[in-house]
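Each chain, written out:
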There are 2 protein chains.
Amino acid sequence: MQQPLNVAITGAAGQISYALLFRLIAGELAGNQQSLSLRLLEVPEALPMLEGVVMELADCAAPLLRDVVVTADPEVAFRDADLVFLLGARPRGPGMERRDLLQGNAEIFSRQGRALNEVARRSVKVLVVGNPANTNALIALRNAPELSPRNFSAMTRLDHNRALSLLAAQCGCEVGEVKRIAIWGNHSTSQFPDLSHATVSGRSALALVGDDWFRGSFIPTVQQRGASVIQVRGKSSAASAANAALGQMRSWIGATPGGDWVSMAVLSDGSYGIAEGIVYSFPVTTAGGDFQIARDLPIGDFARERMQASAAELLEERAMVEHLFPV
Amino acid sequence: MQQPLNVAITGAAGQISYALLFRLIAGELAGNQQSLSLRLLEVPEALPMLEGVVMELADCAAPLLRDVVVTADPEVAFRDADLVFLLGARPRGPGMERRDLLQGNAEIFSRQGRALNEVARRSVKVLVVGNPANTNALIALRNAPELSPRNFSAMTRLDHNRALSLLAAQCGCEVGEVKRIAIWGNHSTSQFPDLSHATVSGRSALALVGDDWFRGSFIPTVQQRGASVIQVRGKSSAASAANAALGQMRSWIGATPGGDWVSMAVLSDGSYGIAEGIVYSFPVTTAGGDFQIARDLPIGDFARERMQASAAELLEERAMVEHLFPV
């Protein structure tokens with residue numbers, strides 16, 4: 001068996017973690033020959049509940065699980081970390097303004113960024129799931145100047161999967177027949193789920209479903225899917241979020257299949273006229289543990305407007321927290 | 001891709017189901033080439049919440065998930081079923097006697113047994129997880145006279161995994177080094193988790209850990225582990241139960257490795273002097289979709305007494321519900 005992968009998870013007593021951990025130790029992350037050392041971070045008041053989760057992890061008798069560390073200290077959780085899932089975030093409380101939410105999370109993610117900077121492996125991959133994910137990822141990476149910004153991404157894979165599933169249902173096809181769905185922008189209702197480049201069994205998706213359905217139904221359904229799940233289920237998405245986090249991390253450490261890509265929010269390099277210095281979801285290909293933003297896609301006027309609208313929201317979010325960036 | 005497996009799950013809006021479903025559609029049950037058709041059964045009042053779970057299943061864009069049927073009718077859920085997870089059961093309410101609990105569940109499981117009898121594939125594998133699991137399985141199989149009792153088992157894999165993990169921790173070894181742990185009897189505190197035959201890297205486990213630890217610590221810890229998890233976590237085991245259900249079903253449709261076995265509660269054939277006609281956990285080997293009770297194990301006096309005590313409890317349980325068996 002190989003050296004264990006050090007996998008750190010924050011918000012480890014939460015629902016997404018509970019849906020993720022047991023899949024990790026079953027080998028869904030890096031195969032059934034790769035042992036894992038789990039480092040679980042929680043706020044002190046959640047540590048007792050987390051002990052119950054640790055008992056259940058033991059009760060799986062999973063051959064891949066080498067050890068479990070439970071801690072409230074990010075520097076313990078992130079020491080020599082290879083892969084990090086930042087699931088924990090401050091939820092929006094009653095009467096809380098968006099600015100309060102952003103700033104409350106900025107404190108958490110700046111501290112976690114500094115800890116990653118100090119103690120994580122230089123090859124660490126940090127996936128931010130806790131909302132507002134894109135701006136939380138930006139805060140973390142800005143506080144980790146000795147790591148590359150390419151060590152960080154925020155999750156838009158759940159949006160990507162929702163879009164994929166919705167299109168397949170509309171076309172009456174298998175999800176495997178759909179390629180080149182893209183989520184652009186923020187993991188928020190400003191995101192732009194884009195069918196411009198998508199194909200279904202090699203045919204243009206837009207030609208199959210039509211612009212009216214794309215603009216009037218597909219886009220708002222994907223944008224508002226999180227709220228719809230909460231409305232029906234009475235709780236926010238947990239298992240599907242964990243599934244997407246696992247999928248995004250697997251893509252990042254693996255490789256996208258030829259002719260297809262995935263959506264990942266990464267630090268903008270100015271591609272497609274998106275402002276630099278925000279964490280923005282692009283279609284990316286992956287290979288060898290790295291990602292590349294898909295190049296030279298033709299962007300129509302409608303798409304460009306939607307892409308810039310989501311960038312504008314991310315610039316606004318950044319403006320609310322940038323006083324917390326280190327100088 | 002092969003024909004989809006029809007997989008039915010009861011109590012589908014519950015916590016164990018929520019921890020199980022997303023692992024099934026990820027390919028953990030029958031590999032990543034085997035598509036699945038899910039049939040989810042719930043009581044009518046839980047169907048709205050189940051719709052939220054179905055939304056999240058769609059949001060995984062899982063290539064293996066062929067379709068999902070949601071129903072409150074067992075004959076719809078079990079039609080042509082290949083594999084069935086009976087997770088749902090009536091929980092013990094305040095002031096409820098054991099007899100009431102058994103009878104309340106007997107009604108559920110006799111109805112489900114009749115439905116399986118009518119509409120399931122003749123090769124169906126039915127795994128009972130809902131407690132009291134052994135007697136629920138007995139009621140179901142007695143109500144399905146046109147199916148073989150060998151189509152039914154109750155889950156003691158969670159106890160088995162807990163025992164495995166506890167022994168490995170005590171020996172400071174990997175779980176993969178432990179073989180031939182056995183759970184005998186009822187999935188209750190009367191169960192007998194047995195180290196008599198167990199080995200650690202080929203050496204006698206009992207010789208390593210000693211009789212005192214085995215009798216004074218190991219046995220009660222495994223017997224009471226469920227209650228310990230509830231005490232710490234504030235909720236009963238869900239993810240570890242789902243993991244065990246998945247493991248037991250995988251063993252049943254697969255094959256145990258040479259020189260090892262798993263624990264499964266099946267209809268007693270009188271082996272080891274255990275009364276016939278109760279569903280009792282034995283060490284079993286599996287191959288080709290069938291199981292065999294491990295033969296010719298030497299049973300000492302201490303073990304025999306514990307094994308018979310759990311059988312006696314199961315005979316008592318049967319006596320409380322057998323008026324509900326069909327004549």
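Throughout this document, residue positions are counted from 1 along each chain, in the order its sequence is written. Numbering of ligands from 1 and lettering of chains from A proceed in the order in which they are written. Confidence filtering applies because this is a predicted model: local features only for residues at pLDDT of at least 70, side-chain atom pairs given and counted only at 80 or more, and all residues used for totals across whole chains, interfaces and linings. Calculated side-chain values reflect all of the structure's heavy atoms, with hydrogen atoms and water omitted.

Enquirer: Got a minute to help me understand the sheet that holds strand β10 (residues 199-200) of chain A in this structure?
Expert: By way of backbone hydrogen bonds, the strands of a sheet pair with one another, either parallel or antiparallel. Residue and element names in this part refer to chain A. Read from one edge of the open sheet, three strands run β7-β10-β11, paired in antiparallel fashion. One side of each edge strand has no neighbouring strand; the edge strands of this open sheet are β7 (178-179) and β11 (203-204). Paired strands are those between which DSSP finds at least two bridges. Numbering goes from the N terminus for both helices and strands, where a helix is a DSSP run of H or I of at least four residues and a strand is a run of E of at least two. Strand direction decides the pairing type here: β7 and β10, joined by two bridges, are antiparallel. Paired with K179 across the two strands is T199, which belongs to β10.

Enquirer: What's the story with the nonpolar core in this structure? I'm lost.
Expert: A general tendency of soluble globular proteins is for nonpolar side chains to be buried together. The set of buried Ala, Val, Leu, Ile, Met, Phe, Trp, Tyr and Cys residues whose side-chain atoms join them within 4.5 Å is what this entry labels a nonpolar core. Only protein chains enter the calculation, and the probe is 1.4 Å; a residue is then buried if its accessible area is under 20% of its type maximum, exposed if over 50%, and partly exposed in between. By size, the foremost hydrophobic cluster in this structure holds 166 residues, and its most contacted members are F85 and L167 of chain A together with F85 and L167 of chain B. Any two residues whose heavy atoms approach within 4.5 Å are treated as being in contact. Each residue touching L167 of chain B, except ones within four places of it in the same chain, is listed here: V178, I181, L195, A198, V200, A205, V209, W213 and F218 of chain B.

Enquirer: Hey, could you run me through the relation of the copies chain A and chain B in this one?
Expert: Look at the two chain copies: a rotation about an axis and a shift along it is all it takes to match them. You can overlay chain A on chain B at an RMSD of 0.0 Å; the transform is a turn of 180° with a shift of 0.0 Å along its axis. Look at the turn and shift together and you get a two-fold axis relating the two. Using C-alpha coordinates, one finds that chain A approaches the rotation axis most closely at A19 of chain A, a distance of 3.2 Å. Of the residues that chain A buries at the interface, 100% are likewise interface residues in chain B, meaning the two copies contact each other through the same surface. Least squares is the method for superposing the copies, and the C-alpha atoms it fits come from residues with pLDDT of at least 70 in both.

Enquirer: Would you take a moment to explain the pairing of strand β2 (residues 36-41) of chain B for this structure?
Expert: Regular strands place their side chains on alternate faces of the sheet. Residue and element names in this part refer to chain B. In terms of burial, β2 is a largely internal element, six of the six residues being buried. Alternating positions in β2 separate into two faces, L36, L38 and L40 on one and S37, R39 and L41 on the other, with burial throughout. With six bridges joining them, strand β1 (residues 5-10) and β2 adopt parallel strand pairing. The residue bridging N6 from the neighbouring strand is S37, located in β2. When the strands point away from the viewer and the connection leading from the first strand across the helix to the second strand turns clockwise, the crossover is called right-handed. For the handedness criterion, the β-α-β arrangement of β1, helix α1 (residues 15-28) and β2 is classed as right-handed. Pairing of β2 with strand β3 (residues 65-71), which is carried by six bridges, proceeds in the parallel orientation. By the bridge assignment, L41 is partnered in β3 with T71.

Enquirer: How do you make sense of the pairing of strand β4 (residues 83-86) of chain A when you look at a structure like this?
Expert: Burial along β4 of chain A is two-sided: the face carrying L83 and F85 of chain A and the face carrying V84 and L86 of chain A are both buried. The parallel pair β4 of chain A and strand β5 (residues 125-128) of chain A is bridged by helix α4 (residues 98-119) of chain A, and the resulting crossover is right-handed.

Enquirer: Looking at this structure, I do not really get the interface of chain A and chain B. What am I missing?
Expert: Reports often express the size of an interface as the amount of accessible area lost when the parts come together. Opposite the 39 residues of chain A that make contact, chain B presents 39 residues. Summing both partners gives a buried area of about 3300 Å² for chain A against chain B, and 57% of it is carried by carbon and sulfur. Two parts placed together each lose some accessible area under a 1.4 Å probe, and the buried area is that loss summed for both. On the chain A side of the interface with chain B, the three residues burying the most area are M55, D59 and R233 of chain A, jointly 20% of the side's total. By salt bridge we mean one thing: a side-chain nitrogen of Lys or Arg within 4 Å of a carboxyl oxygen of Asp or Glu. Between chain A and chain B we count seven salt bridges in total. N or O atoms closer than or at 3.5 Å make up a polar contact, with two conditions inside protein: a donor-capable atom paired with an acceptor-capable one, and, for residues adjacent in sequence, both atoms drawn from side chains. At the surface where chain A touches chain B, the tally comes to 22 residue pairs in polar contact (both at pLDDT 80 or more). Those elements giving two or more residues to the side of chain A that touches chain B turn out to be α1 (15-28), α2 (47-58), α6 (157-171), α9 (225-233) and α10 (239-253) of chain A.

Enquirer: Which parts of the structure should I look at to understand the domain arrangement of chain A?
Expert: All names here are of chain A. Domains assigned within chain A are domain 1 (5-154) and domain 2 (157-318). For the purposes of this description, domain bounds are those given by an automatic or database domain assignment. Distance from the C-alpha centre of domain 1 to the C-alpha centre of domain 2: 23 Å. Of the roughly 2600 Å² buried between domain 1 and domain 2, counting both surfaces, carbon and sulfur atoms make up 63%. On the domain 1 side of the interface with domain 2, the three residues burying the most area are K125, N134 and R150, jointly 26% of the side's total. The tally of links from domain 1 across to domain 2 stands at three salt bridges. Broken down by element, the residue count for the side of domain 1 that touches domain 2 peaks at seven residues, all from α1.

Enquirer: Help me understand the environment of A244 of chain B, please; the structure alone is not making it clear to me.
Expert: Residues and elements named next belong to chain B. Within the fold, A244 resides in helix α10 (residues 239-253). Note: C-alpha distance between A244 and L158 (86 residues apart in sequence) is 5.0 Å. The contacts of A244, once residues within four sequence positions are left out, are M155, R157, L158 and N161.

Enquirer: Honestly, the sheet that holds strand β10 (residues 199-200) of chain B in this entry has me stumped. Any pointers?
Expert: Residue and element names in this part refer to chain B. Read from one edge of the open sheet, three strands run β7-β10-β11, paired in antiparallel fashion. Because the sheet does not close on itself, it has two edges, and the strands there are β7 (178-179) and β11 (203-204). As paired elements, β10 and β11 share two bridges and run antiparallel to each other. Note that in β11 the partner of T199 across the bridge is S204.

Enquirer: What am I meant to see in a negative patch on the surface here?
Expert: Negative charge collects at one region of the surface, where D73, E75, E118 and E146 of chain A lie side by side. Checked against the element boundaries, E118 of chain A lands in helix α4. Here the term patch refers to residues with relative accessible area over 30% and no salt bridge, with like charges joined within 9 Å and nonpolar side chains (Val, Leu, Ile, Met, Phe, Trp, Tyr) within 5 Å. For the accessible areas, the method is Shrake-Rupley and the probe is 1.4 Å, while residue cover comes only from the protein chains on display. Positive charge is attributed to Lys and Arg, negative charge to Asp and Glu, and no charge count is given to His or to the chain ends. Taken as the charge location is NZ of Lys, CZ of Arg, CG of Asp or CD of Glu.

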